[in-house]
2 protein chains.
Amino acid sequence: MECVSHCPRRIAVLSVHTSPLAQPGTGDAGGMNVYVLQTARELARRGVEVEIFTRATSSNLPPVQEAAPGVLVRNVVAGPFEGLDKHDLPTQLCPFTAEVLRQEARQAPGYYDLVHSHYWLSGQVGWLARDRWRVPLVHTAHTLAAVKNAALADGDTPEPASREIGEKQVIAEADRMIANTVEEARQLIELYGASPDRVDVVPPGADLTRYHPGDRVAARRELGLPPGERIVAFIGRIQPLKAPDVLVRAAAELLRRDPARRLRVLIVGGPSGTGLQRPDALIELAEALGIGDRVIFLPPQPPERLVQVYRAADLVAVPSHNESFGLVAIEAQASGTPVLAADVGGLSTAVRHGETGLLVPGHRTPDWADALGALLDDEPGLRAKGAAAVTHAAGFSWEHTADGLLNCYDAALDEFGGRRRAGARLRAELAANDSALPRVAGEEARPEPVFGEPGQARTRALWRRRTGVRR
Amino acid sequence: MECVSHCPRRIAVLSVHTSPLAQPGTGDAGGMNVYVLQTARELARRGVEVEIFTRATSSNLPPVQEAAPGVLVRNVVAGPFEGLDKHDLPTQLCPFTAEVLRQEARQAPGYYDLVHSHYWLSGQVGWLARDRWRVPLVHTAHTLAAVKNAALADGDTPEPASREIGEKQVIAEADRMIANTVEEARQLIELYGASPDRVDVVPPGADLTRYHPGDRVAARRELGLPPGERIVAFIGRIQPLKAPDVLVRAAAELLRRDPARRLRVLIVGGPSGTGLQRPDALIELAEALGIGDRVIFLPPQPPERLVQVYRAADLVAVPSHNESFGLVAIEAQASGTPVLAADVGGLSTAVRHGETGLLVPGHRTPDWADALGALLDDEPGLRAKGAAAVTHAAGFSWEHTADGLLNCYDAALDEFGGRRRAGARLRAELAANDSALPRVAGEEARPEPVFGEPGQARTRALWRRRTGVRR
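Residues numbered from 1 in each chain as written. Chains lettered and ligands numbered in written order. Predicted model: local features only at pLDDT ≥ 70, side-chain atom pairs only at ≥ 80, totals over all residues. Heavy atoms only, no water.

- An unreviewed UniProt entry annotates chain A as D-inositol-3-phosphate glycosyltransferase originating from Nocardia jiangsuensis.
- The UniProt entry for chain A carries the following comment under Catalytic activity (unreviewed entry): "1D-myo-inositol 3-phosphate + UDP-N-acetyl-alpha-D-glucosamine = 1D-myo-inositol 2-acetamido-2-deoxy-alpha-D-glucopyranoside 3-phosphate + UDP + H(+)".
- Quoted verbatim from the Sequence similarities (unreviewed entry) field of UniProt, the annotation for chain A is "Belongs to the glycosyltransferase group 1 family. MshA subfamily." (UniProt positions renumbered as here; feature names shortened; annotations may be inferred.)

**Some words on the packing of aromatic side chains**
All names here are of chain A.
In step 1: Scanning all chains against the criterion turns up twelve aromatic pairs over all chains.
In step 2: Between the aromatic rings of F53 and Y112, the centroid separation amounts to 6.0 Å while the plane-to-plane angle is 75°, which identifies the pairing as edge-to-face. A residue pair is termed long-range when its members are at least 10 positions apart, and F53 in strand β2 (residues 49-55) and Y112 in the loop between α2 (93-105) and β5 (114-118) qualify at 59 residues.
In step 3: What makes F53 buried here is its relative accessible area of 0%. (Phe/Tyr/Trp six-rings, centres within 6.5 Å; stacked < 30°, edge-to-face > 60°. Helix = DSSP H or I, 4+ residues; strand = E, 2+ residues; numbered from the N terminus. Buried < 20%, exposed > 50% of the residue type's maximum accessible area, 1.4 Å probe, protein only.)

**A short note on the packing of α2 of chain A against helix α3 (residues 119-133) of chain B**
In step 1: Interhelical geometry of α2 of chain A versus α3 of chain B gives an angle of 15° and a closest axis separation of 9 Å. With respect to α3 of chain B, the element α2 of chain A is oriented roughly parallel. The handedness of the crossing between α2 of chain A and α3 of chain B is left-handed. Across from C94, P95, T97, A98, L101 and R102 of chain A in α2 of chain A, the residues of α3 of chain B making contact are Q124, W127, L128, R130 and D131 of chain B.
In step 2: Its residues placed into classes, the contact of α2 of chain A with α3 of chain B shows six nonpolar, two polar and three charged. (Axes fitted to C-alpha atoms, helices over the stretch in contact; angles between N-to-C directions. Parallel < 35°, antiparallel > 145°, perpendicular 65-115°, else oblique. Left-handed = near helix turned anticlockwise from the far one by under 90°. Contact = heavy atoms within 4.5 Å. Nonpolar A, V, L, I, M, F, W, Y, C, P; charged D, E, K, R; others polar.)

**Here's the deal with the nonpolar core**
In step 1: Core analysis: the largest hydrophobic core is formed by 279 residues, its most contacted members being V316 of chain A together with V316 of chain B.
In step 2: What V316 of chain B contacts, discounting residues up to four positions off in sequence, is A233, I235, Y310, V328, A332, T337, P338, V339 and L340 of chain B. (Core = buried A, V, L, I, M, F, W, Y, C linked by side-chain atoms within 4.5 Å.)

**Thoughts on the UniProt feature "binding site: 1D-myo-inositol 3-phosphate" (unreviewed entry) in chain A**
Residue and element names in this part refer to chain A.
In step 1: Within this numbering scheme, the UniProt entry marks H17, D28, A29, G30, G31, M32, N33, K86, Y119, T143 and R163 as carrying the feature "binding site: 1D-myo-inositol 3-phosphate" (unreviewed entry).
In step 2: Here G30 lies in the loop between β1 (10-14) and α1 (31-45).
In step 3: Mapped onto the fold, G31 is located in helix α1.

**Things to note about the environment of Q301 of chain A**
All names here are of chain A.
In step 1: Note on placement: Q301 falls in the loop between β11 (295-298) and α10 (303-312).
In step 2: By relative accessible area, which is 8% here, Q301 ends up buried.
In step 3: Along the primary structure Q301 and I235 are separated by 66 residues, whereas in three dimensions their C-alpha atoms are 9.3 Å apart.
In step 4: Not counting the four nearest positions on each side in its chain, Q301 is found in contact with Q23, V268, L306 and V309.
In step 5: In this structure the side chain of Q301 is engaged in a polar contact, spanning 2.8 Å, whose partner is the backbone oxygen of P299.
In step 6: Looking at Q301, its side chain comes within polar contact range of the side chain of R305, at 3.0 Å. (Polar contact = N/O pair within 3.5 Å; in protein donor to acceptor, adjacent residues only side chain to side chain.)

**Quick notes on the confidence of the model for chain A**
A low pLDDT score tells you not to read the predicted coordinates there in detail.
All names here are of chain A.
In step 1: Of the residues in chain A, 86% have a pLDDT of 70 or more, and the chain-wide mean is 86.
In step 2: Of the regions scoring below 50 in pLDDT, residues 434-471 engages in 93 contacts with residues more than four places distant in sequence or in other chains.
In step 3: As scored by the predictor, the complex reaches a pTM of 0.79 and an ipTM of 0.77. (pLDDT = per-residue confidence, 0-100.)

**Notes on the sheet that holds β1 of chain A**
Hydrogen bonds along the backbone pair up the strands of a sheet, which may run parallel or antiparallel.
Residues and elements named next belong to chain A.
In step 1: As summarised here, the arrangement of the eight strands in space is β3-β4-β2-β1-β5-β6-β7-β8, forming an open sheet in which the pairing is mixed. Two strands in the sheet have a free side with no partner beyond their single neighbour: β3 (64-68) and β8 (199-201). If you compare each strand with its neighbour and ignore which way they point, the axes differ by 25° on average.
In step 2: Sheet topology note: the β3/strand β4 (residues 71-76) ladder contains four bridges and is antiparallel. Opposite A68, over in β4, you have V71 as the bridge partner. (Pairing = 2+ DSSP bridges.)

**Considerations on the pairing of β1 of chain A**
Walk down a regular strand and you will see the side chains alternate between the two sheet faces.
Residues and elements named next belong to chain A.
In step 1: Most of β1 is tucked away: five of the five residues are buried.
In step 2: Here β1 shows a buried face lined by R10, A12 and L14 and a second buried face lined by I11 and V13.
In step 3: As defined by bridge partners, β1 adjoins β2 across five bridges and the pair is classed as parallel. The residue of β2 that forms the bridge with A12 is E51.
In step 4: Relative to β5, β1 runs parallel, the two being bridged by four bridges. Across the sheet, residue I11 finds its bridge partner in β5, namely L114.

Right under this line is the structure:
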């Protein structure tokens, strides 16, 4: 799609808690980082300048980096570079906001046409920026506390109530929202009271120029993986939510049933989140199950090596307890590898059950072992699924995602323009009645950010309606 | 003092976490609430309009309340009315800020001349409001995490690192700061890197029209207290920081030494903070020490009853582990009652050792029992100290405090005016070079908040200097 009616000239993208330049697969960096960077690239290719604000986590970072032609990353200093994790970040949102507003204030007026926030922390900042800049706010939640807590892994820590409160506020304030899947749109509407006509479903994509089928033998050679065995790969952050233990247990069960089976599990990623409390837990689990020698660990891989991981594997497993989309499943399929995934969230969309892989309800070891065995033991079926996977994944390109974003931006700018005109009329009327009000000498006239301002009464009413909290 | 050079016409006061209309002595309400309300009244009497923004904690509150002539309290809806404590509030600072800015935006331009924030949470909001409104930010810390953590009661929970980080940021951003005592000014400078020429020492006051000596017998009758006994009163929130247990232990020790001693301990206040985890701990302690029948508990009292508490007591004890000032000590002395206080923080200023009471170093029971016995057993000495206390307290009036605040506001506005003129020149130069920059049609010219903007580089440098964090 080329921009026609309301194409933004330049947008501010907020990604407070993780930089699009961070290596996915460790820390707080995952699919969202890939999403933010790839959509920015694609938008820039179409002439929309993108500036991404993220919190600086190292004193070595320059204030501004060019991530791609037309894509700047602004590393905002707000709080110490190290030692703050995602749960400490709410205390740094005001300093982050202040610095974002100061950076914009150094530019010509009207510098950004729209602000797009990713994850609820950024949404809290986006709402203030929207008021200040008088532009629409588009928000993508990526994950939702209510959904995450409902699908919590055993022993994992629930998300705090304050996050759910913060999410509800952002969803009430955003002009439009992007959901990755129909399922996520339903959650936004049913669990968070989002207005259905403000939610656009835009599936994420994969970099199809990078992720496509290739020589498995060469890929295994490059990665130092054994040529003559079945390899099932897990790619992602090692934390309870992502559930790599489900794959390890299923593999152990298969090997218990048939100890002669030539099977390796490949785990690619670093510990993260609550997984950091016991970084070696997965290694210990494999040892305890007696398959320590059958599990290979690799650190997070850059994209040019990651495609070789997908090609090297016979099968990629995505056993997450929850995924708003599951980018890894699309990248794997684009690389010609079938996927065995949990039947949760966006994975039910990302994988076609029986065609490009299998979806398993729940996380019970016997179910996962059965599905894993059925896939691995059917060589022709596996080949057919690999081929179907490539076709299926071809529908998920970042070009397609960018089309969806531009449609959403177009609608947001269109609605906002309407409100802006109505607001100008209202201001003129107010000003006519306000002429008796005192003004400070030397204070310049200033446009008031009346647009999108629900006012205290509406905020109160919204709050009650959305949360059910009455006092 | 009457305003002469730079008297603000109207100021915004930020008190995010507790309303000046809340009853002190319970929840998060204490001396700071009294301070905010009394100084607002006194400023309003001198023609400075005061609008106090606080977070609404009940749906029954009107959006605006008149607290006194010229003093408005604005109850800002940000997050649920109940269920958030002080430690959850950082997640609500962006919504609170957004609503404060929206309320101001409905007024004529230049509505507030200055913003004064109380406690670090409000400081984080004040810094954004200052940027937006282009007015100076005056900040009062009231308590400091570094100081509180250094004087932590046994078993009490330390303040989180994120608070200390937040405090450092506010102190780096504020145009001027108010310290309650010379000691607090020293802490701001030495522990937080505040620039000495930006800190004004302004002691808090007491409402001397309310707190003055009166009939002890009548006061005891009104409160239902025994007429023929020695009464030592503790007034404050029941939490480890305030250390009412130190008084109870000292009383038990005195009674162990002489069981015939006619002594009662009067505790006035409600459980708060970490004290809420075991609200009956103090009652249980008194029982365990065998003096359950010698301790009387009263709920927090409104000012008209509180003065009777001070008059009814032979002695008021303030055993806190830390106090930035200790308003109770001044109110007690103004009411003619000597004070036995811990020799910490502002209490060392509020009480004159040997003249208006005694200061005890540390919190050891034998030391406190000795001091308590020495005071109570010297009837003429107690009378003399009571008389001296009235004279001493006369130096602490809210009128005097308001004088100090106006001096500070004057300096802040004066400095800010200078920066504003320099900023206008800079903007004119920038505009001359910026004419080639694109502007969005219909976007009105907007003043840029360049004042007081240190910029990323300065923020970075400040951060390193102030925190020593280098990575």
